[in-house]
Amino acid sequence: MTSDSSFEVKFSYKGKTSNASGVTRETTQSQLLAICRQALDIEEDVILRLVAKGKTLARENQGDARSTTDEQPAFPPSIKIPKGGAKIIVMGSKAQLIEKLYGRRSDPLMRGFDEERQARNRVKTDLSSAWGKRYGNQHKQYKFCRFEECTDASFGSRPGATTPHAFEARRLLEKLACDPGVQAIMKSRELVVGSLGEMDPIDDRLMKEKEREGGRLLGYNTNMGMRIDIKLRSDDLAGFRPYPELASTLIHEISHNWCADHDQLFWTNFAQMRIEYLWTHAQLMHGAYFVGGRRTASVAEVTDMIVTSNPANGMLARTEMMNNICNSLVPEIQRDMLQHRLSVQLIMPA
């Protein structure tokens, strides 16, 4: 077909069709739009778009000069014209409806593409800033997959409440997960925990049942590591429990990944993990790693369980650190084991 030969065009618009002849390869986009509007008797306030075989041939712009400023041919050589002529689907929208749509306020609960990209970039940043850049994130494979703070608890919605906000509870969970000592335990034992959550200090049936039995529930492990919940807040809800207690409770619950009962095997494994936790912070005390001018042991509030009277940096100091760690842990583990009528001598070396 030569460029100057004409062909017939069939327009389809809202169930109505109309044919137009005299269209050629040289027909511009604005001319084709004018032919379409005249053939179908379309109102002037309708903005048109012409589509053939999934490709846009011509379209009008919103504004005073609605005819396209692109005077390129509507049928470039890449578009094949059937022998029976071209079939064009006409799409039209009222200008007032478009202006009304543009004037609407976007839903604040829906993310745009830019906000979605920003959210993805935030995921790549450090999970917790408490431990510095080196320990800002968990291990890529051995980690806590999700964090769930109490956001719907009754204490979080009372006017004038002094209890820490749910945001602070989440930051505390993330701090526990990124703790260098906890990361060392997770990595050495190749652990993956589904969720690390906060126990509801008010509406928790397991906690109340334990208190009726004369005990005190500070955390629990569901299905051998599918979920671990920790009681973060103090009994009066005025603040959080001391961080060393929270870290010890978390390690206690991690030990339940292997042993459901509080037997000799459980306490042996728990004691080993507690030593590994403190020894990790002790090793960082020998290096040049600081977090805001502080050692990680100071951030974890366990310096008094590690430091020795000997300021030397040789092997003797490391040996004394390990001895100090073991001596500091004996009263803690003995107190916990007595609640289950067990003696600490069961797990201590001869």
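In the block above lies the structure referred to throughout.
Residues numbered from 1 in each chain as written. Predicted model: local features only at pLDDT ≥ 70, side-chain atom pairs only at ≥ 80, totals over all residues. Heavy atoms only, no water.

A.B. asks: An account of the nonpolar core is needed here, citing residue identities and associated values.
C.D. replies: Core analysis: the largest hydrophobic core is formed by 52 residues, its most contacted members being F144, L250, I254, Y277 and I333. Counting residues per element, this core draws most heavily on helix α8 (residues 264-286), which supplies ten residues. Those residues in contact with I333, other than ones at most four positions away along the chain, are W267, F270, A271, V344 and I347. (Core = buried A, V, L, I, M, F, W, Y, C linked by side-chain atoms within 4.5 Å. Buried < 20%, exposed > 50% of the residue type's maximum accessible area, 1.4 Å probe, protein only. Helix = DSSP H or I, 4+ residues; strand = E, 2+ residues; numbered from the N terminus. Contact = heavy atoms within 4.5 Å.)

A.B. asks: Lay out the sheet that holds strand β5 (residues 86-94) in plain terms, naming residues and giving numbers.
C.D. replies: Taken in spatial order, the five strands line up as β2-β1-β5-β3-β4 in an open sheet, and their pairing is mixed. In this open sheet, the two edge strands, each paired with only one partner strand, are β2 (16-23) and β4 (55-59). With direction set aside, neighbouring strand axes in the sheet form an average angle of 30 degrees. Pairing of strand β3 (residues 46-52) with β4 involves four bridges; the strand directions are antiparallel. Each residue of the ladder has a partner; that of V51, found in β4, is T56. (Pairing = 2+ DSSP bridges. Axes fitted to C-alpha atoms, helices over the stretch in contact; angles between N-to-C directions.)

A.B. asks: Tell me about the packing of helix α4 (residues 166-178) against helix α5 (residues 180-188), and please be specific about residues and values.
C.D. replies: At a minimum axis separation of 5 Å, α4 and α5 run at an interaxial angle of 55 degrees. By the angle class used here, α4 and α5 are oblique. Each of L176, A177 and C178 in α4 lies in contact with α5, whose residues at this interface are P180, V182 and Q183. Grouping the amino acids of the contact of α4 with α5 by side-chain chemistry returns five nonpolar, one polar and no charged. (Parallel < 35°, antiparallel > 145°, perpendicular 65-115°, else oblique. Nonpolar A, V, L, I, M, F, W, Y, C, P; charged D, E, K, R; others polar.)

A.B. asks: Would you mind going over the packing of aromatic side chains in detail, with residue names and values included?
C.D. replies: A ring pair, where both rings are aromatic, is described by two values, the distance of the centres and the angle of the planes. The full count for this structure, using the stated rule, is six aromatic pairs. On the numbers, 6.1 Å between centres and 50 degrees between planes, the contact of W131 with Y243 is tilted. With W131 in the loop between α3 (113-123) and β6 (144-148) and Y243 in helix α7 (residues 243-255), this residue pair connects regions lying 112 residues apart in the sequence. Considered together, W131 and Y243 belong to a single accessibility category, that of buried residues. With 5.0 Å between their ring centres and 85 degrees between their planes, F266 and W267 make a pair best called edge-to-face. Taking the relative accessible area as the measure of exposure, W267 reaches 0% and is therefore buried. (Phe/Tyr/Trp six-rings, centres within 6.5 Å; stacked < 30°, edge-to-face > 60°.)

A.B. asks: Could you give an account of the pattern of salt bridges, naming the residues involved and the relevant values?
C.D. replies: For the structure shown, the criterion picks out twelve salt bridges. The salt bridge partner of D45 is K94, with a shortest N-O separation of 3.4 Å. Taken together, the residues span a long stretch of sequence, with D45 in the loop between α1 (29-40) and β3 and K94 in strand β5 at a distance of 49 residues. Connected through salt bridges with shared partners, the residues E43, D45 and K94 form a single ionic network. (Salt bridge = Lys/Arg side-chain N within 4 Å of Asp/Glu carboxyl O.)

A.B. asks: Can you tell me about the environment of I88, naming the residues and giving the values?
C.D. replies: For I88, the position within the fold is in strand β5. Considering only alpha carbons, one finds I88 and V9, 79 residues apart in sequence, at a separation of 7.1 Å.

A.B. asks: For the packing of α5 against α8, give the residues involved together with the corresponding values.
C.D. replies: Here α5 crosses α8 at 125 degrees, and the two axes come no closer than 8 Å. The pairing of α5 with α8 is recorded here as oblique in orientation. For α5 against α8, the interelement crossing comes out right-handed. Along the contact surface, α5 presents P180, G181, V182, A184, I185 and S188, while α8 presents M273, E276, Y277, T280, H281 and L284. The residue inventory of the contact of α5 with α8, partitioned by class, reads seven nonpolar, four polar and one charged. (Left-handed = near helix turned anticlockwise from the far one by under 90°.)

A.B. asks: Outline the pairing of β5, listing residues and values.
C.D. replies: Summarising the sheet, strand β1 (residues 7-13) and β5 pair through four bridges and their orientation is parallel. Bridge assignment links K10 to a residue of β5, and that residue is K87. Of the pairings in the sheet, the one linking β3 to β5 comprises six bridges and is antiparallel in character. What sits directly across from V46, in β5, is K94.

A.B. asks: Describe the environment of R49, and please don't skip the residues or the numbers.
C.D. replies: Counting through the fold element by element, R49 comes out in strand β3. Taking relative accessible area as the criterion, R49 reaches 30% and is therefore assigned partly exposed. Each C-alpha atom of the pair R49 and S93 lies 8.8 Å from the other, and the pair is 44 residues apart in sequence. Each residue touching R49, except ones within four places of it in the same chain, is listed here: T56, A58, R59, I89, V90 and M91.

A.B. asks: So what about unusual backbone geometry? Which residues, and what values?
C.D. replies: Even without a glycine there, the phi angle at K14 is positive, about 55 degrees. Assignment of secondary structure puts K14 in the loop between β1 and β2. Unlike most non-glycine residues, N223 shows phi in positive territory, near 55 degrees. Positionally, N223 belongs in the loop between β8 (219-222) and β9 (227-230). Owing to a relative accessible area of 57%, N223 belongs among the exposed residues under this scheme.

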